[in-house]
Amino acid sequence: MKPAKAKLTSGPVSSAILSMMAPMIIGLIVLITNSLVDAYFVSQLGSAPLAAVSYAFPVSFIVGAIAMGLGTGTASLASRLIGAGNQEKVRQIATHSMLLGLIAGLCVVVFGLLTLEEIFSLLGADEQTMPFVKDYMEIYYWGGIFLVVPMIGNAVLRAGGDAKTPSVLMASTAVINAVLDPILIFGWFGFPALAIKGAALASVLANVVFLIASLSILIFRENLIQFRKNTVAAILHSWNQILHVGLPAIASNLIVPMSTALVTALISSFGQSAVAAYGLAGRLEAFIIIIFMALGGAIAPFVGQNYGAQEFDRLKRGFVFCVAFSFIYALFCIVFFILSADTLLGFFTTDPEVIKTAKIQLLYCPWGYGFLGLAVIANGSFNALGKPMPAMTISIGRTLLVYVPLAYWLASSMGIRGVFIAQVLANLLAGIVGFVWYQNVFKQLRLEHQTI
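In short, a report on the structure. (Residues numbered from 1 in each chain as written. Predicted model: local features only at pLDDT ≥ 70, side-chain atom pairs only at ≥ 80, totals over all residues. Heavy atoms only, no water.)

**Description of the overall build of the protein chain**
This is how the line gets drawn: In this text, helices come from DSSP runs of H or I with a minimum length of four residues, and strands from runs of E with a minimum of two, each type numbered from the N-terminal end. The buried label goes to any residue with under 20% of its type's maximum accessible area, the exposed label to any with over 50%, and the partly exposed label to all in between, with areas taken from a 1.4 Å probe on protein chains only. Only heavy atoms matter for contacts: two residues are in contact if any of them lie within 4.5 Å across the pair. Every accessible area reported is derived by Shrake-Rupley at a probe size of 1.4 Å, with residue values counting cover from the shown protein chains alone.
Counting secondary structure elements, the protein chain contains 15 helices and zero strands. With respect to the principal axes defined by its C-alpha atoms, the protein chain has extents near 65 × 55 × 35 Å. The buried share among the 452 residues of the protein chain stands at 52%. Put simply, 81% of the contacts in the protein chain that link residues at least 6 apart link residues at least 24 apart. Here the protein chain has roughly 19800 Å² of accessible surface; of this, 70% comes from carbon and sulfur atoms.

Here's what the structure looks like:
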C-alpha cells in the first residue's frame, strides 16, 4: 500500500468493501476470544483477583475509546487525502497523529496512577479487592502508552485500504498476550510467579510488541512517518483537523458503557437470573454484531477515499451495497436464532429461567439488526466525510435519548420483554434517521461538486 494510491476507488465496490471487512472480522473474533482467555487464567488465582481485573474493564474501555476516537479522526482525514492523491499531506497527518497518540497515552498513565484509589473506590472496589486492583493497575496503566499509538497507526493503514495488516497485528498481539499470561502469572519455564501482576505485565509486553511492529511498518514499509518539517504550527493545525472528528467519536464511544450500565441496572430489578440471561445472550450477540462493526470499519475508508477522489457514483453504489448486505445479514440472524436459540443456550446453562429470558432477547433483538447496520453505515460515512456531529447525534440519540428511557417505560408495562422491544425500536429509529440524514448530506455534497 502506497499512500498516494487510493486502492478503494477502483474495481467492484462489493470487492473493495468485503476485502476490508474480512480481516477486521477475524481480528475482532481473536480479541474477544483473548479476553475470555485472560479471564480464565486470572480466575485460577481466586475471586478477588478476578474481580480486580473486572474492575479494570471500564478503564480499558475508556482507553480504547480514546484510541479509537483519535484513530477515527486520523483515518477520516487520511482517507480523503489519499483519495485526492496528496501523499505529502498524508505523511504529515500520520506523523502528527502518532505524536498526539503518544501524548494522550502519557496523560492516561499519569492521570490513572494519580487517581488510582479514588477511581476504583468509586467503582466499588473494597478493602479485600483494592490491593489486587493496585497490583494490576500500577502495571496495566503503562500499557496505555503502547496501545494508543499503534491503534492510530492501524487506522492510518486502514485509511489506505489495508485492513489485513492491522488485523494481523491485533491478532498477533492477542496471541502473545495469551501465551505470556500463564508464563508470567504461574511462573512457567523458570519465570517468577507474578500472580495478578503477571497478567498486567503480559498485557503491557504484548502492547510493546504491537507498538514496535506498527511503527516498523509505518516507517520502513509504508514510508508514512516523516522526521522533518514538523513545525509547531503544522502540528497544531493537524491536531485541530484530527480532533474535529476525533473528539465527537470519543464521546460516541463513551456513551456505550454508560447506556449499558443503566440497562443492566434495569434488568437487575427482574432478579439475578435475568442479569445472568442478559449477560449470556449479550455475549452470543457480540459475535453476531462483529459483522456490523466490521461493516462500519470498512465503509469509512471506502467513503473517505472515494469522496477525496470525487467519485460520487461509486459512493452511491457502495452505500446501496452496504444497506443490502446489512438487511440480508439481519434476516440470516433472525432465522439462525429462531432455529438454534435453545441449542445454543443449553450449551451454556441448564437454568430454565436463564434460558427462558435469554431466548426472548435472542428472538426479539435481531429484528432491529438491519436498522442498526443502517445507523453504523451512516455514522461511518459521516465521520469519513469529516462531518462528525450527525454521527455523534445518532449514537447518543439511539442509546441515551431513546433506548434507555424507552426501556424503562416499556419494562414497567410489559416486563422484561419491553427492554428488548425498546432496543429494536431504538435501532429502527436510528437507522431511519441515519439513512435520511446521509441521503440529504450526500445530495448536498454532490450538488456542490457539480457547481464547482
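**Looking at the pattern of salt bridges**
Here is the rule: A pair is scored as a salt bridge if a Lys or Arg side-chain nitrogen falls within 4 Å of a carboxyl oxygen belonging to Asp or Glu.
Inspection of every chain in the model, using the stated rule, returns six salt bridges. R91 is the partner of E88 in a salt bridge, and the nearest nitrogen-oxygen pair spans 3.6 Å. On the criterion of helical spacing, the pair formed by E88 and R91 is a turn pair, its members being three residues apart in helix α3 (residues 87-114). On the accessibility criterion, R91 (14% relative accessible area) is buried. Residue E117 is joined to K134 by a salt bridge in which the shortest nitrogen-to-oxygen separation is 2.6 Å. With E117 in helix α4 (residues 116-122) and K134 in helix α5 (residues 130-140), this pair connects stretches of sequence that are 17 residues apart. Judged by relative accessible area, E117 falls into the partly exposed class, the value being 40%.

Geometric descriptors of this kind do not, in isolation, establish any biological role.
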